[in-house]
Amino acid sequence: MANHLEIEVGMLLEVLTEDNDVLFRGRVTDFDGDSICIENNTGGSVPSVVYNTEYKLRGHLSDDRRVVYHGTVCGSTKTMWKMDQLANWFTWEKREFFRQNISVEAVLTRIKRAEDGPAAPMIDEDEYNCQLFDVSGGGVLLACDAMFEVGDQLRVSNAEILPGTQPFTFQCSVRRMEQAPYTNLYGCQFLRMRPNEQDRLVRAIFMLQREEAKRLRGRS
């Protein structure tokens, strides 16, 4: 059943497996509110498919928001897939990202100027252990015993957001802080993150949310 779907005829979508492998890039040719028809954007053939298999659809809306949908294939031709049981997995804005609760240990380093002046080189200070509590494509909430101030620049390294995958390294700026029992909490915004690394992070968050949804369904 469709829920809060924003699909536009003519929009481009990547069709992906559950493991984020891109199968083909398609264009929406029909959407009736419950099902969608997607043709190969190059006019060529589409992969053969087993009906009722679940896939992901990833694309951009006309206002530049990015969306990820889930759906199952209910029909196909050589050049088209028809999908139903569509669900909006998440939507994120340029500056607003889905947040995922985590519990991940990492290494934290404050980065500061070697001397006064904007042209002075940046150097690393001492390393600290920290704990990441939630993460999004735009920032992270972490706990650390060390004291930092709003505006301080930090490097978070060796953060294994998705178990079994390459750890992340982030450069970020402290946007808010509060003291908690036995530690300090810092809300940080990522700085100068490369687009491909941000996409890798969003994919990792998506996988974590998917696994969490599976666990919750298993308890019901």
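Predicted model, so just to flag it, every value in this text is computed and none were measured.

1. Quick look at the overall build of the protein
Within the protein, the secondary structure is distributed over one helix and twelve strands. Taking all 220 residues of the protein together, the buried fraction comes to 44%. Put simply, the protein shows about 12400 Å² of open surface, and 46% of that area lies on carbon and sulfur atoms.

2. Re the nonpolar core
Ranked by size, the top nonpolar core spans 32 residues in total, and within it L132, L142, V156, I161, F170 and L201 carry the most contacts. Here this core gets six residues from one element, more than from any other, and that element is helix α1 (residues 195-219). Filtering out sequence-adjacent residues up to four positions away, F170 remains in contact with L154, R155, V156, A159, I161, F190, M193 and L201. Of all hydrophobic cores here, the second largest spans 20 residues; its members include L5, I7, L57 and Y69.

3. Thoughts on the side chain of T72
Along the polypeptide, T72 turns up in strand β5 (residues 66-76). Engagement of the side chain of T72 in a polar contact is seen with the side chain of Q85, the distance being 3.3 Å.

4. Description of the environment of A180
With respect to the element layout, A180 can be found in strand β11 (residues 168-180). For A180, a relative accessible area of 24% gives the class partly exposed. Taking the C-alpha atoms as reference points, A180 and D145, separated by 35 residues in sequence, lie 9.8 Å from one another.

5. Comments concerning the pairing of strand β2 (residues 22-31)
Here strand β1 (residues 12-16) pairs with β2 via five bridges, running antiparallel. Note that in β2 the partner of V15 across the bridge is F24. Where β1 folds back onto β2 in an antiparallel hairpin, the turn is made up of five residues, including N20, whose phi is positive at roughly 70°. Here β2 runs beside strand β3 (residues 36-40); their pairing, made up of five bridges, is antiparallel. The partner of R27 across the bridge, within β3, is E39. The antiparallel pairing of β2 with β3 creates a hairpin that spans four residues between the two strands, and G33 there sits at a positive phi of about 100°.

6. A few points about the pairing of strand β12 (residues 183-190)
Extensive coverage of β12 is indicated by the burial of seven of its eight residues. Pairing analysis gives six bridges linking strand β9 (residues 139-144) to β12, with the strands arranged antiparallel. Paired with L142 across the strands is Y186, a residue of β12. In terms of strand pairing, β11 meets β12 through eight bridges, oriented antiparallel. Following the sheet pairing, E178 is matched in β12 by L185. Once β11 ends, the chain turns through two residues before running back antiparallel as β12, passing Y182 with a positive phi of about 70°.

7. A few points about the packing of aromatic side chains
As enumerated under the stated definition, the model contains six aromatic pairs in all. Members of the aromatic cluster, joined through ring pairs, are F24, Y55 and W81. Above the ring of F168, the side-chain terminus of R200 is found at 3.8 Å from the ring centroid.

8. A closer look at the confidence of the model for the protein
Summing up the model confidence of the protein, the mean pLDDT is 83 and the portion of residues at 70 or higher is 84%. Here α1 is the element of the protein with the lowest mean pLDDT, 78, and strand β10 (residues 153-159) is the one with the highest, 95. A low-confidence stretch, residues 92-96 (pLDDT under 50), is modelled with seven contacts involving residues beyond four sequence positions or located in other chains.

9. Quick word on the environment of V22
In this structure, V22 sits in strand β2. Setting aside residues up to four positions removed in sequence, V22 forms contacts with E14, V15, L16 and R58.

10. A look at the pattern of salt bridges
On inspection of all chains with the given rule, the structure shows five salt bridges. D152 serves as the salt-bridge partner of R110, at 3.2 Å between the closest nitrogen and oxygen. Here D152 lies in the loop between β9 and β10 and R110 lies in strand β7 (residues 100-113), a separation of 42 residues in the sequence. We classify R110 as partly exposed; its relative accessible area is 24%. Measuring nitrogen to oxygen at the nearest pair gives 3.7 Å for the salt bridge that ties R176 to E178. Among the residues examined, E178 registers a relative accessible area of 41% and is labelled partly exposed. Each of E14, R25 and R58 takes part in one network of salt bridges that share partners.

Rules used in this analysis
- Residues numbered from 1 in each chain as written.
- Predicted model: local features only at pLDDT ≥ 70, side-chain atom pairs only at ≥ 80, totals over all residues.
- Heavy atoms only, no water.
- Helix = DSSP H or I, 4+ residues; strand = E, 2+ residues; numbered from the N terminus.
- Buried < 20%, exposed > 50% of the residue type's maximum accessible area, 1.4 Å probe, protein only.
- Areas by Shrake-Rupley, 256 points an atom, 1.4 Å probe, with all protein chains shown as cover.
- Core = buried A, V, L, I, M, F, W, Y, C linked by side-chain atoms within 4.5 Å.
- Contact = heavy atoms within 4.5 Å.
- Polar contact = N/O pair within 3.5 Å; in protein donor to acceptor, adjacent residues only side chain to side chain.
- Pairing = 2+ DSSP bridges.
- Phe/Tyr/Trp six-rings, centres within 6.5 Å; stacked < 30°, edge-to-face > 60°.
- Lys NZ or Arg CZ within 6 Å of the ring centre and 35° of its normal.
- pLDDT = per-residue confidence, 0-100.
- Salt bridge = Lys/Arg side-chain N within 4 Å of Asp/Glu carboxyl O.

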